[in-house]
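Commentary on secondary and tertiary structure
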Amino acid sequence: MKSKKTILGVIISIIVIVVGGVWYYNSQSKESASPSDTTIRIGSKDFTESLVVAEIYAQALEDNGYNVKRVYNISSSLVHKSIVNNKIDLYPEYTGTGLMTILGMKMMTDPDKVYQTVKAKYEKKYHLTWLKYAKANDSSGLAMRKATADKYNIKTISDLQANASKIRMASQGEYEQRADGLPMLEKVYGKFNWKSSKVYDNSLKYEILDKDEADVTPAYTTEGRLAETKKFVLLKDDKHVWPPYNLAPVVRDNILKANPKIAGILNKVSATLDTATVTKLNARVDIDGEEYTKVAKDYYKSIK
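Read on for an overview of the structure.

Analysis parameters
Residues numbered from 1 in each chain as written. Predicted model: local features only at pLDDT ≥ 70, side-chain atom pairs only at ≥ 80, totals over all residues. Heavy atoms only, no water. Helix = DSSP H or I, 4+ residues; strand = E, 2+ residues; numbered from the N terminus. Buried < 20%, exposed > 50% of the residue type's maximum accessible area, 1.4 Å probe, protein only. 1 Å grid on protein atoms, 1.4 Å probe; cavity = no way out; pocket = protein on both sides within 12 Å on 5 of 7 lines; lining within 4 Å. Points joined across faces, edges and corners; volume = space filled by probe spheres on them. Nonpolar A, V, L, I, M, F, W, Y, C, P; charged D, E, K, R; others polar. Salt bridge = Lys/Arg side-chain N within 4 Å of Asp/Glu carboxyl O.

The phi angle at Asn-153 is positive, at roughly 55 degrees, despite the residue not being glycine. Within the secondary structure, Asn-153 sits in the loop between helix H6 (146-151) and helix H7 (157-162). Among the residues examined, Asn-153 registers a relative accessible area of 52% and is labelled exposed. In this structure, His-240 is a non-glycine residue whose phi angle is positive, near 55 degrees. Among the structural elements, His-240 can be located in the loop between strand S9 (232-234) and strand S10 (247-252).

Rendered as structure tokens:
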């Protein structure tokens, strides 16, 4: 009986030592883990704005000790597949794109409702997390010659509709038929009885306005030329026709779980990005010809 108790005691002692050793090893491993032990693969779409914002994310993570692998210039149609298929760990996405293009849901116009919807659906369906969204909104809009807008005191699309008979429209042709173009505007704001409406190539629209050959044109709300505020103004969509396309980082859940500090780092970046800021960043690349990497680096330094 005594020998059995002695053997049992030895066994218990061994178990305690082994379990204690495992606990100590794990605790030490956790304490010694650092961001530099992890490489984060950051993706971007294949246009200026996505490249600049992705590079700002990269600068922020590197500044906080993470190794970063850049996987840029992914086709817009493939970037979601890339993150789902574990080719990248995070990238900047637009709430409206997530809602309608990826999830195939109906349009919503409230920014927070769109965000909460995509956040919940992405988590459940894809195990992806939407971090906080930025005020920066790359949606559809209407740009005007500032001189004309000032002349008729036009600040909103409602103002534009009321003065349409004095306004020359520079269209891109399909805008009059496209569901999210003039038909949607007229359904909400009423008929636009333009003084004239001519079709121009999209690449020429700001030159046409600058030459006083037209007064208003369809635009995206963060286009670089809109940074030229002495020449052009972006009208306020006061009746919220178009859905919001707010920028936000989308991150794989497993990466965020292993590296929870990423959320705070990238949320701080998003908090600084509004529509005017992103427009200016785009302008430095698309208008001034600067490299997107330099523009992103300069910007990150300015917000540190």
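Another aspect to go through is the layout of surface pockets. What the largest pocket holds in volume is close to 630 Å³. Contributing to the lining of the largest pocket are 31 residues, with Asp-138, Ser-139, Tyr-220, Thr-222 and Glu-223 lying nearest its centre. The set of elements that each furnish at least two residues to the lining of the largest pocket consists of helix H2 (48-63), helix H4 (95-102), helix H9 (205-210) and helix H12 (275-286). The element best represented in the lining of the largest pocket is H9, accounting for 3 residues. The residue inventory of the lining of the largest pocket, partitioned by class, reads 11 nonpolar, 10 polar and 10 charged.

A few words now on the pattern of salt bridges. Per the counting criterion, the structure on display carries 19 salt bridges. Put simply, Lys-304 and Asp-63 hold a salt bridge, and the shortest N to O gap is 3.4 Å. With Lys-304 in the segment after helix H13 (292-303) and Asp-63 in helix H2, this residue pair connects regions lying 241 residues apart in the sequence. On the basis of relative accessibility, which here comes to 40%, the residue Asp-63 falls in the partly exposed class. Notably, a salt bridge pairs Lys-146 with Asp-150, separated by 2.7 Å at the nearest N-O pair. Residue Lys-146 and its partner Asp-150 are both found in helix H6; the two are separated by 4 residues, about one turn of the helix. Accessibility expressed as a relative area gives 27% for Lys-146, which makes it partly exposed. Here the salt bridges do not stand alone but share partners, grouping Glu-207, Asp-210, Arg-225, Glu-228 and Lys-231 into one network.

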